[in-house]
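# Architecture and fold: a report
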Amino acid sequence: MSENTTVVHLVRHGEVENPQRVLYGRIPGFHLSADGRVMAKAAADFLAGRDVTVLRSSPLERALETAEPIAAQFGLEVVVDERLIEPWNHFEGMTFGVGDGSLRKPSHWMYLRNPFRPSWGEPYAEVAARMGAAMSDARIAASGHEAILVSHQLPIWIARRCFDGRRLWHDPRRRQCALASVTSFTYRGDQIVAASYEEPAGAGRGQVAGA
């Protein structure tokens, strides 16, 4: 890879052990399931052989555990970057639905008044800003090589929408960011010139609560 070309890979964590199906968000104590660990290894195997010199992760357990096989693959230390964390959300710790979920309570309805910001959590623009800064710093640290950042579905998808020049608000059901997926951005100098997406752990299990 030329000195002017750097690749930053955004890896989503694997499946989480969450039998109650709550929106866990930033709540500590949610770890990868057995399948999630297999997914993390699949992502590490997919990236094997790449010229990776930088590995950073969200501070949440599920991300750090996903980073473990990647760290072993490349002999790198995992550096925590708080900017890669899951966005905060009013509905953390709750189930989200109309039946027995939080939506049955009128006291929660005010948090749904503006889906464009969104009113229930961290503004999309703020997520975009912190992810862009984290990616830029990783690009500088890995200049001429490659970096891996382990994060979460929404931050990764927002980063992708920014590159594609699309509005930040969107239908969550249509995010292209499956569990343990790899979204890669190629930089020429300080500009992103290409993006690609792969699902080394397989498709079909991308939407889970609190991802």
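Chains are numbered independently. Their residues run from 1 in the order of the written sequence. This being a predicted model, a pLDDT of at least 70 is required before a residue's local features are given, and a value of 80 or more before pairs of side-chain atoms are given or counted; all residues contribute to the totals for chains, interfaces and linings. Side-chain calculation: all heavy atoms of the structure are included, whereas hydrogens and water are not.

What follows covers the sheet that holds strand 2 (residues 52-57). Only strands that DSSP links by at least two bridges are regarded as paired with each other. Helix numbers and strand numbers start at the N terminus; a helix is a DSSP run of H or I with at least 4 residues, a strand a run of E with at least 2. Reading across from one edge, 3-2-4-1-5-6 is the order of the 6 strands in this open sheet, with mixed pairing throughout. Two strands close off the open sheet at either side, each with one partner strand: strand 3 (79-80) and strand 6 (191-198). Bridging between strand 2 and strand 3 involves 2 bridges; their strand directions are parallel. Pairing of R56 across the sheet is with V79, part of strand 3. Across the sheet, helix 2 (residues 61-74) touches strand 1 (5-12), strand 2, strand 3 and strand 4 (146-151), and the angle it forms with strand 2 is around 165°. Any two residues whose heavy atoms approach within 4.5 Å at even a single point are treated as in contact. Note on geometry: axes are lines fitted to C-alpha atoms, helical ones only across the stretch in contact, with angles between N-to-C directions running from 0 to 180 degrees.

Under the scheme applied here, a residue whose accessible area is under 20% of the maximum for its type counts as buried, over 50% as exposed, and between as partly exposed, the area being computed with a 1.4 Å probe on protein chains only. Here strand 5 (residues 182-188) lies mainly inside the structure; 5 of its 7 residues are buried. Relative to strand 6, strand 5 runs antiparallel, the two being bridged by 7 bridges. Bridging from a neighbouring strand, F185 pairs with A195 of strand 6.

We now examine unusual backbone geometry. For R21, which is not glycine, the phi dihedral falls at a positive 60°. Examined against the element boundaries, R21 turns out to sit in the loop between strand 1 and helix 1 (34-47). Even without a glycine there, the phi angle at A180 is positive, about 60°. Residue A180 is classed as buried on the basis of its relative accessible area of 0%.

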